[in-house]
Amino acid sequence: MKVKQLVVGELEGNCYLLASENELGVIDPGGEAEKILEEIRKAKAEPKYIINTHYHPDHTGANEKIRDKTGAKILIHEKERDFIGFKADEFLKDGDEIKIGESILKVIHTPGHTSGSICLLGQGFVLTGDTIFKDGYGRTDLAGGSQKELENSLKKLSGLLKPGTSVYPGHGESFQV
């Protein structure tokens, strides 16, 4: 799977394009829909899903524009249902698998930043949204946040991530565990 990072929006969120075979996943399109759509065109792959790691606008702001232009389905964790201001096509839960081309992303429910925060575990990499950053972790003082749940999620991830795993966070630089 090829991973391309785009920095979008006022809060400089990381949007990722994941390509496998001739299919594409768009992770956390937080803004600048035209910039993202241009990169989708360059990828020459069919957008299948728009996947949100959580409901905050800096991760969901361009969802509907991209869905309208591409027909990709919007996926978000079921615990974000009451917080979203857009129509999700499917709701995710822990352990779900999302197939893009020949690659599989496993949904890891990591509440704490929000009640429905997720990470997406692929072959040798993980997309963490605002759960983990290079130099810290996501804040817990917004609606749906919980410091205790975030601490439990970090423990859960530490048991799942193997040394050498590439980590692609929702903001800032990628890094390896």
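Since this is a predicted model, take the numbers as computed values, not measurements.

1. Here we look at the overall build of the protein chain
Now for step 1: Scanning the protein chain for helices and strands turns up 4 helices and 14 strands.
Now for step 2: Against the globule reference of 16 Å for 177 residues, the protein chain gives a C-alpha radius of gyration of 15 Å, in line with a compact fold.
Now for step 3: Per-residue burial for the protein chain yields a buried fraction of 54% across its 177 residues.
Now for step 4: Roughly 8600 Å² of accessible area belongs to the protein chain as shown, and the carbon and sulfur atoms make up 46% of that amount.
Now for step 5: Between the centroid of the 23 positive side chains of the protein chain and the centroid of its 28 negative side chains there is a distance of 3 Å.

2. What about the sheet that holds strand 3 (residues 23–27)?
Now for step 1: Spatially, the 6 strands line up as an open sheet ordered 1-2-3-4-5-6, and their pairing is mixed. The open sheet terminates on both sides in strands that have one partner only, identified here as strand 1 (2–8) and strand 6 (90–92). When the angles between neighbouring strand axes are averaged without regard to direction, this sheet yields 25°.
Now for step 2: Where strand 2 (residues 13–20) meets strand 3, 5 bridges bridge the pair, whose relative direction is antiparallel. Across the sheet, Tyr16 pairs through a bridge with Ile27, a residue of strand 3.
Now for step 3: Contacts from helix 1 (residues 33–43) reach strand 1, strand 2, strand 3 and strand 4 (46–51) within the one sheet, and its direction differs from that of strand 1 by about 160°.

3. Some words on the sheet that holds strand 13 (residues 166–169)
Now for step 1: Pairing in this open sheet of 6 strands is mixed, and the strands run 7-8-9-10-13-14 from one edge to the other. Edge positions in the sheet fall to strand 7 (97–100) and strand 14 (175–176), since each of these pairs with one other strand and no more.
Now for step 2: Bridge analysis of strand 13 against strand 14 gives 2 bridges, and the strand direction is antiparallel. Bridging across to strand 14, Ser166 finds its partner in Gln176.

4. Observations regarding the pattern of salt bridges
Now for step 1: What the rule picks out here adds up to 12 salt bridges.
Now for step 2: Here Arg41 makes a salt bridge to Glu38, at a shortest N to O gap of 3.3 Å. One end of the pair, Arg41, and the other, Glu38, are both in helix 1, 3 residues apart, so they sit about a helical turn from each other.
Now for step 3: Here Glu38 falls in the partly exposed class, since its relative accessible area comes to 35%.
Now for step 4: A salt bridge links Glu64 to Arg67; its shortest N-O distance comes to 3.8 Å. In this pair, Glu64 and Arg67 are both assigned in helix 3 (residues 63–70), 3 residues apart and thus about one turn of the helix distant.
Now for step 5: With a relative accessible area of 37%, Glu64 lands in the partly exposed category.
Now for step 6: Overall, the relative accessible area of 16% leaves Arg67 in the buried class.
Now for step 7: The network of salt bridges with shared partners includes Glu64, Arg67, Lys87 and Asp89.

5. Brief notes about helix 4 (residues 147–160)
Now for step 1: Compared with an ideal rise of 1.5 Å per residue, which puts 14 residues at 20 Å, helix 4 spans 20 Å between its outermost C-alpha atoms and is within 8% of the ideal.
Now for step 2: Within the sequence span of helix 4, burial applies to Leu150, Ser153 and Leu157. Buried positions in helix 4, seen along its axis, are confined to an arc of 60° and lie on one side of it. Exposed positions of helix 4 whose direction lies more than 90 degrees from the buried face are Lys148, Lys155, Ser158 and Gly159.
Now for step 3: On its buried face, helix 4 sits against strand 8 (103–109), strand 9 (118–122), strand 11 (132–133) and strand 12 (136–137).

What counts as what
Residues numbered from 1 in each chain as written. Predicted model: local features only at pLDDT ≥ 70, side-chain atom pairs only at ≥ 80, totals over all residues. Heavy atoms only, no water. Helix = DSSP H or I, 4+ residues; strand = E, 2+ residues; numbered from the N terminus. Rg over C-alpha atoms; globule rule 2.2 N^0.38 Å. Buried < 20%, exposed > 50% of the residue type's maximum accessible area, 1.4 Å probe, protein only. Areas by Shrake-Rupley, 256 points an atom, 1.4 Å probe, with all protein chains shown as cover. Lys, Arg positive; Asp, Glu negative; His and termini not counted. Charge placed at Lys NZ, Arg CZ, Asp CG, Glu CD. Pairing = 2+ DSSP bridges. Axes fitted to C-alpha atoms, helices over the stretch in contact; angles between N-to-C directions. Contact = heavy atoms within 4.5 Å. Salt bridge = Lys/Arg side-chain N within 4 Å of Asp/Glu carboxyl O. Expected span 1.5 Å × (residues − 1). Arc of directions from axis to C-beta.

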